[in-house]
Amino acid sequence: MWQPKLSRRRFLKAGAITGALAVGSSLLRQPVGGLAEAAGGVSGSGLATLPAAVAGSEKVIPSLCEMCSAKCGILAYVREGRVVKIEGNPKDPQAAGKLCARGSAGMKTLYDPDRLKSPMKRVGEGKFDPISWDQAFQEIGPKLKELKLQYGPQTLVWAAHPELPAPLEQRFMAAFGSPNYTGHAPTCYSSRSVAYQATYGGVPGVDYQNVRYYIAPGRNLLGGIKNPEVRKIVAARKAGAKIVVLDPRMSELAMWADEWLPIRPGTDGAFMLALMHVIIKEKLYDAEFVAAKTVGFDQLAAKVQEYSPEWAEKITDIPAATITRIARELAQARPAAAVDPCWHAAFGSQYYNSVQGGRAAACLNALLGNLGAKGGLILGSPLKLGDPTGVMGPEPPKPTAPRWDGAGGKEWPLAKGLGMIQTLPLRILEGKPYPIKALIVSHLNPIRSCPDSGKFIQALKQLELVVTIDIQMNDTAYHSHYVLPESTYLERFDPVMAVGPTIVLRQPAVAPLFNTKPEEEIIAGLAQAAGIGQYFNFTLEQYNNALLAPFGITQEQLKAQGQIKVNQKPTAPEPGEESKEFKTPSGKIELASQAIASAGGSPVPVWEPPLVKPQGDKLRLIQGHVPMHTHNTTQNNAYLHALMPENELWIHTQVAARLGIRDGDLVEVTSEVGKVRIKAKVTEAIHPEAVFMAHGFGCSSPYLTRTYNRGASGAALIPILVAPLSGAAAQCETLVTVRKVG
Ligand code: SF4
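Analysis parameters
Residues numbered from 1 in each chain as written. Predicted model: local features only at pLDDT ≥ 70, side-chain atom pairs only at ≥ 80, totals over all residues. Heavy atoms only, no water. Pairing = 2+ DSSP bridges. Helix = DSSP H or I, 4+ residues; strand = E, 2+ residues; numbered from the N terminus. Axes fitted to C-alpha atoms, helices over the stretch in contact; angles between N-to-C directions. Contact = heavy atoms within 4.5 Å. Near = heavy atom within 4 Å. Nonpolar A, V, L, I, M, F, W, Y, C, P; charged D, E, K, R; others polar. Buried < 20%, exposed > 50% of the residue type's maximum accessible area, 1.4 Å probe, protein only. Parallel < 35°, antiparallel > 145°, perpendicular 65-115°, else oblique. Left-handed = near helix turned anticlockwise from the far one by under 90°. Core = buried A, V, L, I, M, F, W, Y, C linked by side-chain atoms within 4.5 Å. Expected span 1.5 Å × (residues − 1). Phe/Tyr/Trp six-rings, centres within 6.5 Å; stacked < 30°, edge-to-face > 60°. Salt bridge = Lys/Arg side-chain N within 4 Å of Asp/Glu carboxyl O. Polar contact = N/O pair within 3.5 Å; in protein donor to acceptor, adjacent residues only side chain to side chain.

Student: Is there a simple way to explain the sheet that holds strand S25 (residues 675-683) in this structure?
Tutor: Read around the closed barrel, the 6 strands follow the order S22-S26-S23-S25-S24-S27; overall the barrel is mixed. Adjacent strand axes in the sheet meet at a mean angle of 45°, parallel and antiparallel pairs treated alike. Relative to strand S26 (residues 690-694), strand S23 (residues 648-652) is paired through 2 bridges, and the arrangement is antiparallel. Following the sheet pairing, tryptophan 650 is matched in S26 by phenylalanine 692.

Right under this line is the structure:
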């Protein structure tokens, strides 16, 4: 059994990551002479008070950050038409005025000299000419019509990181007649979603603020930062909560937590099963909750008898005594105790066994009786916004062709709505189940976020039409026929959204600096040119006003504060749902899941080993987030680039010594699908069977001059896989070898 020699205290002294964060705060502290402080006054419930007034031509615009998807409230300070500072909006119901480094650095994205300034048309390998919007629409629209006529509407795929305009993207696809809207989910959270949908009928969140005992299986709240969650977990720990992190690597959260358990990668499910073994055997679970709210307890109890802490020790590298102790501590803290459902982490989508592991964690949470309890899990229904169909014109007919990836079909019933974007290159190249000839990409850079970037590029070259909508010439844009520049989040309105009982608005702080458009105008222009313009005869303001109608407010009124708290009675249950507390087949929390069984899986969670096994010099590649960057979108931002210009390959001290690698050496990392070069970071803070690299680096677009060729992209190394039940990309099932090259 491997146990690290490195204590967290020693690692913190080394200052590798905390140092970078500290630099962040000083770098981002921008003196703004002459600006008044934003002193209170932003009422969440009324329209009376504006954000702090500032002198002369200066103003403060309340809006929403888009440096990641968390949508923290911001105040953009504008002087003489220029954004000079971004602060957190103290009235924001989520982040309460706190921003992370990325949020504070947003104006460097607005003023990035490398950003797209007009529509671009490809005129040769890596060469683009600026064109007008009219020309772009008048060339793309007829091409779409031509391809539709020749191959059917399903020949078009739309790939997105779904953001606020996602319903409009989906409407475009429905109007065109294609079922093929896909995106980010299988590379992030598909398995977690399938596991919790099957168990609870929805994906709960954690009441981070009030939790007393919190286990993070690979979740790195201080790396993949969502500000609102960070401030809550920090408050919980201050109030005495215990934080336990399971991670093969000493992540930012592991460094800060009370306990880091350096688990063997891909074995978190075994750990969860053993916790349940102890909790059930010692009758530490919430029997009343289990009897009232769940089905399948007897089946679960019978199964987990097999999974003792001694059994799990051999699989996980965590001592049996530790597992037993954690189980008892966790149960003692219930119901203010929770295992994080996770996003990208161990149960998100990373391993072949992530659904089973996620199911084990979901059942463990149910044994704690924590659902709805203070400090437990929250399964809320969001505020119901108004129905915009009245202003949107005719409803598009439902597409009749099946999806190219089979998601939601007979073979993949649980992957409904999640899709399998990683299979797109294969289907394009094979022409199966039908020819795919056109692709629109928005807010996504699949060449650097999906497996096997070499294959993705090869597939893009087969397509007759590739259109990318983005703010910068990312890797995928670089291989597109047309690149349509979206206005940044500081230059545009977006559809409104609800956060708890509050409705929030993204609005422009400044007019667009260049010849860019907000996405809804790009979609309407494409629709008009492609012969489906009748579905887009409305403005965003009309759309937003329809969403706001039930609350008697308008976009114009919302602009003043950027957010308004509303009162709404709980929505009535859907017909047929009246007797169901949970949206599962039984209406209860399913410890034995009918949905999983119908899809061919074990109804109760079972141990399934990960797909690949590191042996000798073949090491498992794992990836994760860092606090200074969001996926592959922020690396060209001047401030964030200064904080972290490139990634490194974390490799264990003993493994590095065996391979003759020293800290800072240039190494070549090779997998079955590709190879990259990257600097080595030799450390004891990683499991010896694994190597780690932060994802999002290794930009291959020379148009992004600051980040071009800095660091390495894991996407070049990861083979295309499809995990059972969820269809997730299982990206940590990648074996690599490492050799020193410089
Ligand atoms: S977590 Fe950071 S980057 Fe994300 S929305 Fe909030 S401030 Fe912006």
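Moving on from the coordinates now.
Student: I keep staring at the sheet that holds strand S5 (residues 127-130) and nothing clicks. Help me out?
Tutor: Across a sheet, strands are paired by hydrogen bonds formed along the backbone, either parallel or antiparallel in direction. Read from one edge to the other, the open sheet built from 7 strands follows the order S5-S4-S17-S16-S15-S6-S7, with strand pairing classed as mixed. The strands lining the two open edges of the sheet, one partner per strand, are S5 and strand S7 (181-183). Adjacent strand axes in the sheet meet at a mean angle of 25°, parallel and antiparallel pairs treated alike. Helix H5 (residues 133-151) contacts strand S4 (120-124), strand S6 (156-160), strand S15 (438-442), strand S16 (465-470) and strand S17 (482-485) of the sheet and is inclined by roughly 130° relative to S17.

Student: Can you help me understand the site of the ligand in this one?
Tutor: If you check the shell around the ligand, you find Cys65, Met67, Cys68, Ala70, Lys71, Cys72, Leu99, Cys100, Arg102, Gly103, Ile225 and Asn227 and nothing else. In terms of residue class, the shell around the ligand is built from 8 nonpolar, 2 polar and 2 charged.

Student: Is there a simple way to think about the pairing of strand S22 (residues 619-624) in this case?
Tutor: Side-chain positions along a regular strand alternate between the two faces of the sheet. Burial runs high along S22: 6 of the 6 residues are buried. Relative to strand S27 (residues 735-740), S22 is paired through 2 bridges, and the arrangement is antiparallel. Opposite arginine 620, over in S27, you have leucine 735 as the bridge partner. Here S22 pairs with S26 via 5 bridges, running parallel. Each bridged residue has a counterpart across the sheet, and for leucine 621 the counterpart in S26 is valine 691.

Student: Explanation requested: the packing of helix H10 (residues 268-281) against helix H16 (residues 354-367) in the structure shown.
Tutor: Think of two packed helices as two axes; the pair is described by the angle between the axes and how far apart they sit. Relative orientation of the contacting elements H10 and H16 amounts to 25°, with a least axis distance of 8 Å. Between H10 and H16, the interaxial angle falls into the category roughly parallel. In this structure, the crossing between H10 and H16 has a hand that is left-handed. Where H10 approaches H16, its residues Gly269, Met272, Leu273, Leu275, Met276, Ile279 and Ile280 are matched on the opposing element by Gly357, Ala360, Ala361, Cys363, Leu364 and Leu367. When the residues that make up the contact of H10 with H16 are grouped by side-chain class, the tally is 11 nonpolar, 2 polar and no charged.

Student: Is there a simple way to explain the nonpolar core in this structure?
Tutor: One broad rule of soluble globular proteins: the nonpolar side chains tend to lie buried together. In terms of nonpolar packing, the biggest core is built from 115 residues, with Tyr214, Ile215, Phe271, Met272, Leu275 and Leu330 touching the most fellow members. Top element by residues in this core is H10. It accounts for 10 residues. Leave out the neighbours within four places in its chain, and leucine 275 touches Ile215, Ile323, Ile326, Ala327, Leu330 and Leu364. Counting residues in hydrophobic clusters, the runner-up holds 48 residues, among them Trp158, Leu168, Phe176 and Leu465.

Student: It is not clear to me how the packing of H10 against helix H12 (residues 297-304) should be interpreted in this structure. Could you clarify?
Tutor: In contact at an axis separation of 9 Å, H10 and H12 are set at 110° when each is read in the N-to-C sense. On the basis of their axis angle, the class for H10 and H12 is roughly perpendicular. Every residue of H12 that contacts H10 at Leu273, Met276, His277 and Ile280 is listed here: Phe297, Leu300, Ala301 and Val304.

Student: Help me understand helix H14 (residues 320-333), please; the structure alone is not making it clear to me.
Tutor: The end-to-end C-alpha separation of H14 is 20 Å, in line with the 20 Å expected for 14 residues at 1.5 Å each. Every buried residue of H14 is accounted for by Ala320, Thr322, Ile323, Thr324, Ile326, Ala327, Leu330 and Ala331.

Student: Is there a simple way to explain the packing of aromatic side chains in this structure?
Tutor: Each aromatic ring pair is characterised by the separation of its centres together with the angle its planes make. This structure, assessed with the given rule, holds 15 aromatic pairs. Ring centres of phenylalanine 172 and phenylalanine 176 lie 6.4 Å apart, and the angle between their planes is 5°; on these two criteria the pair is classed as stacked. In this pair, phenylalanine 172 and phenylalanine 176 are both assigned in helix H6 (residues 166-176), 4 residues apart and thus about one turn of the helix distant. Taking relative accessible area as the criterion, phenylalanine 176 reaches 2% and is therefore assigned buried.

Student: For this particular structure, what's the right way to read the pattern of salt bridges?
Tutor: According to the stated counting rule, one finds 40 salt bridges in the structure shown. A salt bridge links aspartate 665 to lysine 740; its shortest N-O distance comes to 3.4 Å. On the criterion of sequence distance, the pair formed by aspartate 665 in the loop between helix H27 (653-659) and strand S24 (666-670) and lysine 740 in strand S27 is long-range, its members being 75 residues apart. Overall, aspartate 665 belongs to the buried group, its relative accessible area being 9%. The partly exposed category is assigned to lysine 740, whose relative accessible area is 35%. In this structure, glutamate 668 and arginine 677 form a salt bridge, with 3.3 Å as the shortest nitrogen-oxygen distance. What emerges from the salt-bridge pattern is a single network uniting Glu66, Glu486, Arg492, Asp494 and Arg506.

Student: What is the right way to read unusual backbone geometry from this model?
Tutor: For residues other than glycine, phi is negative in most cases, and the peptide bonds are mostly trans. Across the junction of arginine 334 and proline 335, the peptide omega takes the value 5°, indicating a cis bond. Secondary-structure assignment places proline 335 in the loop between H14 and strand S13 (337-339). A positive phi angle is found at alanine 96, which is not glycine, with a value near 50°. Considering the arrangement of structural elements, one finds alanine 96 in the loop between strand S3 (82-88) and helix H3 (101-104). Unusually for a residue other than glycine, histidine 631 sits at a positive phi of about 45°.

Student: Help me understand the side chain of serine 713 in this model?
Tutor: Looking at the element boundaries, serine 713 is found in the loop between S26 and S27. The buried category is assigned to serine 713, whose relative accessible area is 9%. Within polar-contact distance, the side chain of serine 713 engages the backbone nitrogen of alanine 715 at 3.2 Å. With residues up to four places along the chain from it excluded, the contact list for serine 713 reads Arg448, Val676, Met693, Phe697 and Gly698.

Student: Looking at this model, I keep getting lost on helix H8 (residues 227-238). Mind explaining?
Tutor: Note on helix geometry: an α-helix contains 3.6 residues per turn, so any two residues three or four positions apart are oriented the same way. With 12 residues, H8 extends 17 Å between its outermost C-alpha atoms, agreeing within 8% with the 16 Å of an ideal straight helix rising 1.5 Å per residue. Every buried residue of H8 is listed here: Asn227, Pro228, Glu229, Val230, Ile233 and Ala236. Where H8 is buried, its residues touch strand S9 (213-217), strand S10 (242-246) and helix H9 (252-256). Phi for glycine 240, located one or two positions after H8, is positive at around 110°.

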